Every structure is written in structure tokens, then in C-alpha cells.
Amino acid sequence: PSPKKYTTESMQGSMLSELLLGARSSALHRRTVTEEELAVYASGWLGALHQPSMFQIEWLLADPRFEGRVFEILEEEIARVRAGKIDEAELDGARNRMRMTLLSVLQNVGTLSSLLAEMLLLGGDVSWYNRADEIVRAMQARDVANYAKTYMNPDGRASLIARPNSGSAGRGDAR
């Protein structure tokens, strides 16, 4: 499970998502899509709402045989983060992307009103948005490492693998 949304802990989870998959240069995207060409697409996000929720990661593999290697890389990157081995430039890039996302909310009245309504529904406190940029700017590698130690436990992980059935277009096999 993940922490409740609109908390410092949920921001740490969002930072982890940015570090791993927020840009083409992010660790999981870079390793699985760009360098090893195991996947043609990689994405991830913290699905925090109330509790419990999930930290979700998805790939579109270039070949089903690459499934094991993708999971190996995932374990390696989570272990790296848990050990606090986050480069300051990597952290700065993730901070900047998160801050841009926070600012982009202000560009659209509909988006802002939806955010405020969700904040009231889930947390009862719309003032969180006013503190969000400060939380992001103050976040350190140790904060993200602590989040990963707390919430990225392999024993609590679930994997869904969807494969097309051979000879039947449009149908998948979920395991």
C-alpha cells in the first residue's frame, strides 16, 4: 500500500516515480527502453488516493522473453534508491519536473477546481497545495530512500502480465 495522498510521504512516492520513470533520462526508462531496448514504453506513478493504494509501473516489452530482465532491473533500481544512491543531478531533475507539474495546475481553472475538490474529499485541507512546492524543494535523497524502504517491499508486490493469445486478435491473457 501507499500513503494517503496530499501528505509529505505521498510526495516522496511521487519523487520516487519521477526518479525512476519521469523522463527519458530517468533510471528505469533509460535502462529498459533506451539502453537495453527491452521495452518500447515505460511509465510509472503513485496511485495514492486514500489508503491503501498502489505504486504502479508498466512496460510494453519489445519481446516477451525480456520480462525477467525488466524485473531484475526494477529490483536493482529500487535497491539503489533504498541504499540512498541517488545522484544530486538526478534528484534536481525530478524536483524540477514535480515543481513544473505543480505550476501547470494553475494554468487551467478546471484542473485547479478538480484538484481542490479532490483535496477536500481526501484530506479535508486545501492548504496542502500552498506547502507542496516547499516540500518538493526540501526533499533529499534520504527522504526518497526512506519511502522506498517503507513502501517498496518485494513481499507486498503484485505483478500483472498481459500477453496476447496467439491467433486471437484483441484478446489478452492476464496472470
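Here's what I pulled together on the structure shown here. (Residues numbered from 1 in each chain as written. Predicted model: local features only at pLDDT ≥ 70, side-chain atom pairs only at ≥ 80, totals over all residues. Heavy atoms only, no water.)

Observations concerning the packing of helix 1 (residues 8–21) against helix 6 (residues 128–138)
This is how the line gets drawn: Under this scheme, a helix contributes an axis fitted over its contacting stretch, all axes are lines through C-alpha atoms, and angles between N-to-C directions fall in the 0 to 180 degree range. Segments assigned H or I by DSSP are reported as helices when at least four residues long, segments assigned E as strands when at least two residues long, and all are numbered from the N terminus. Convention used here: angles under 35 degrees read as roughly parallel, angles over 145 as roughly antiparallel, angles from 65 to 115 as roughly perpendicular, and any remaining angle as oblique. Handedness of a crossing is defined here by the sense of rotation of the near helix relative to the far one, left-handed for an anticlockwise turn of less than a right angle and right-handed for a clockwise turn. Every residue pair with non-hydrogen atoms within 4.5 Å of one another is taken to be in contact. By the convention adopted, Pro, Cys, Tyr, Trp, Phe, Met, Ile, Leu, Val and Ala count as nonpolar, Lys, Arg, Asp and Glu as charged, and the other residues, Gly among them, as polar.
Closest axis-to-axis distance for the helix 1/helix 6 pair is 11 Å, and the angle between their directions is 50°. Considering their axes alone, helix 1 and helix 6 lie oblique with respect to each other. Helix-helix and strand crossings are classified by hand; for helix 1 and helix 6 the assignment is right-handed. For the pair helix 1 and helix 6, contact is made by Thr8, Met11 and Met15 and by Trp128, Ala132, Ile135 and Val136, respectively. In terms of residue class, the contact of helix 1 with helix 6 is built from six nonpolar, one polar and no charged.

Some details on the packing of helix 2 (residues 27–35) against helix 3 (residues 67–82)
Viewed as axis vectors pointing N to C, helix 2 and helix 3 meet at an angle of 155°, and their least axial separation amounts to 10 Å. Between helix 2 and helix 3, the angle falls in the class roughly antiparallel. Where helix 2 crosses over helix 3, the handedness of that crossing is right-handed. Note on element contacts: helix 3 touches helix 2 through Arg69, Val70, Ile73, Leu74, Glu76, Glu77 and Arg80, opposite Ala27, Leu28, Arg31 and Thr32. Partitioned by chemical class, the residues of the contact of helix 2 with helix 3 number five nonpolar, one polar and five charged.

Note that all results are geometric; they support no functional claim without further evidence.
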